[in-house]
Amino acid sequence: MPASNDDARGARTALWAGVKDIVIVAPSYIPFALVCGVAATQVGMSTGAALALPALVFGGSSQAVLLQFLQSSASIWVAVLSGLVVNLRMAIYSAALAPRLRHLSTPRRMLAAGFLVDNTFAFLQRRAETHPHDKHLLSYYAGITLVLWPSWVIFCAVGVLAGS
């Protein structure tokens, strides 16, 4: 069998391993996502903006801080900056993952950074320890993201619609 078929099979296997590993964690997002969705409507965001927020801000803690500052009538800049400060830990996560993802193109590394959250980092670290020479860590990451990001968006949307 040609190496490219083995490589594609390995990537698919890693992707499905990511899906399988994270699917048990996704329901734990429900309570916090519902609260974030309701909170978005309670601070006066339009339904459209409240629905877009979790898709653009994939981080519950930063979303909660942003909403809290908006609720206290802080300027949008203070709210956004506060949300970014809360997510500074992602820089540490990125630094820890950098040696394993350095071989990727800049656009792929940037895309990966956009979906990095605490659970993703923890699962990637465990995967790197249990599969130290895995060429398909990004595929595993994609499997995790294919479950977590839509789950977050959907659960927040339920909160937005319930809050409306």
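Above this note sits the structure.
These remarks concern the structure in this document.

**Focus on the pattern of salt bridges**
Argument step 1. All chains considered together, the criterion is met by four salt bridges.
Argument step 2. Notably, a salt bridge pairs Asp21 with Arg126, separated by 3.4 Å at the nearest N-O pair. Of the two residues, Asp21 sits in helix α1 (residues 3–22) while Arg126 sits in helix α8 (residues 118–130), which places them 105 residues apart along the sequence.
Argument step 3. When its relative accessible area of 40% is taken as the criterion, Arg126 is described as partly exposed.
Argument step 4. The closest approach of N and O atoms between Asp134 and Arg127, which form a salt bridge, is 3.1 Å.
Argument step 5. Residue Asp134 is classed as partly exposed on the basis of its relative accessible area of 22%.

**Considering the packing of aromatic side chains**
Argument step 1. Within the structure shown, the criterion is met by five aromatic pairs.
Argument step 2. On the numbers, 5.8 Å between centres and 90 degrees between planes, the contact of Phe115 with Trp149 is edge-to-face. Of the two residues, Phe115 is situated in the loop between α7 (106–114) and α8 and Trp149 in helix α9 (residues 137–163); the sequence distance between them amounts to 34 residues.
Argument step 3. Judged by relative accessible area, which is 26%, Trp149 ranks as partly exposed.

**Points about a nonpolar patch on the surface**
Argument step 1. A cluster of nonpolar residues, Ile76, Trp77, Val80, Leu81, Leu84, Val85 and Leu88, forms a patch on the protein surface that exposes about 740 Å² of accessible area.
Argument step 2. Mapped onto the secondary structure, Leu84 falls in helix α5 (residues 76–86).

**Structural notes on helix α6 (residues 89–101)**
Argument step 1. Compared with an ideal rise of 1.5 Å per residue, which puts 13 residues at 18 Å, α6 spans 18 Å between its outermost C-alpha atoms and is within 8% of the ideal.
Argument step 2. Met90, Tyr93, Leu97 and Leu101 are the residues of α6 that are buried.
Argument step 3. The secondary structure elements touched by the buried residues of α6 are α7, α8 and α9.

**Looking at the layout of surface pockets**
Argument step 1. In this structure, the largest pocket encloses a volume near 320 Å³.
Argument step 2. Forming the walls of the largest pocket are 18 residues, and the residues nearest its centre are Leu56, Val57, Phe58, Ser62 and Asn87.
Argument step 3. Elements supplying a minimum of two residues to the lining of the largest pocket: α3 (47–56), α4 (60–71), α5 and α7.
Argument step 4. Considering every element that reaches the lining of the largest pocket, the biggest residue donor is α5, with three residues.

**Here we look at the environment of His131**
Argument step 1. Among the structural elements, His131 can be located in the loop between α8 and α9.
Argument step 2. What makes His131 partly exposed here is its relative accessible area of 37%.
Argument step 3. Separated by 2.9 Å, the side chains of His131 and Thr130 make a polar contact.

**Notes on the side chain of Ser139**
Argument step 1. By secondary structure assignment, the location of Ser139 is in helix α9.
Argument step 2. Taking relative accessible area as the criterion, Ser139 reaches 19% and is therefore assigned buried.
Argument step 3. Sequence-distant contacts of Ser139, that is, excluding residues within four places in its chain, are made with Ala11, Ala14 and Leu15.

**Digging into the nonpolar core**
Argument step 1. With 30 residues, the main nonpolar core has Ile22, Tyr29, Leu116, Tyr140, Leu148 and Trp152 as its most contacted residues.
Argument step 2. When contributions to this core are tallied by element, the ones reaching two or more residues are α1, α2 (30–42), α6, α8 and α9.
Argument step 3. Among the elements that make up this core, the one with the highest residue count is α9 (nine residues).
Argument step 4. Apart from residues no more than four positions distant in its own chain, Trp152 is found in contact with Tyr29, Phe32, Ala33, Cys36, Pro54, Val57, Phe58, Gly60 and Gln63.
Argument step 5. Listed in part, the seven residues of the second largest apolar core include Ala40, Ala50, Leu66 and Val160.

Basis of the calculations
Residues numbered from 1 in each chain as written. Predicted model: local features only at pLDDT ≥ 70, side-chain atom pairs only at ≥ 80, totals over all residues. Heavy atoms only, no water. Salt bridge = Lys/Arg side-chain N within 4 Å of Asp/Glu carboxyl O. Helix = DSSP H or I, 4+ residues; strand = E, 2+ residues; numbered from the N terminus. Buried < 20%, exposed > 50% of the residue type's maximum accessible area, 1.4 Å probe, protein only. Phe/Tyr/Trp six-rings, centres within 6.5 Å; stacked < 30°, edge-to-face > 60°. Patch = residues over 30% accessible without salt bridge, like charges linked within 9 Å, V, L, I, M, F, W, Y side chains within 5 Å. Areas by Shrake-Rupley, 256 points an atom, 1.4 Å probe, with all protein chains shown as cover. Expected span 1.5 Å × (residues − 1). Contact = heavy atoms within 4.5 Å. 1 Å grid on protein atoms, 1.4 Å probe; cavity = no way out; pocket = protein on both sides within 12 Å on 5 of 7 lines; lining within 4 Å. Points joined across faces, edges and corners; volume = space filled by probe spheres on them. Polar contact = N/O pair within 3.5 Å; in protein donor to acceptor, adjacent residues only side chain to side chain. Core = buried A, V, L, I, M, F, W, Y, C linked by side-chain atoms within 4.5 Å.

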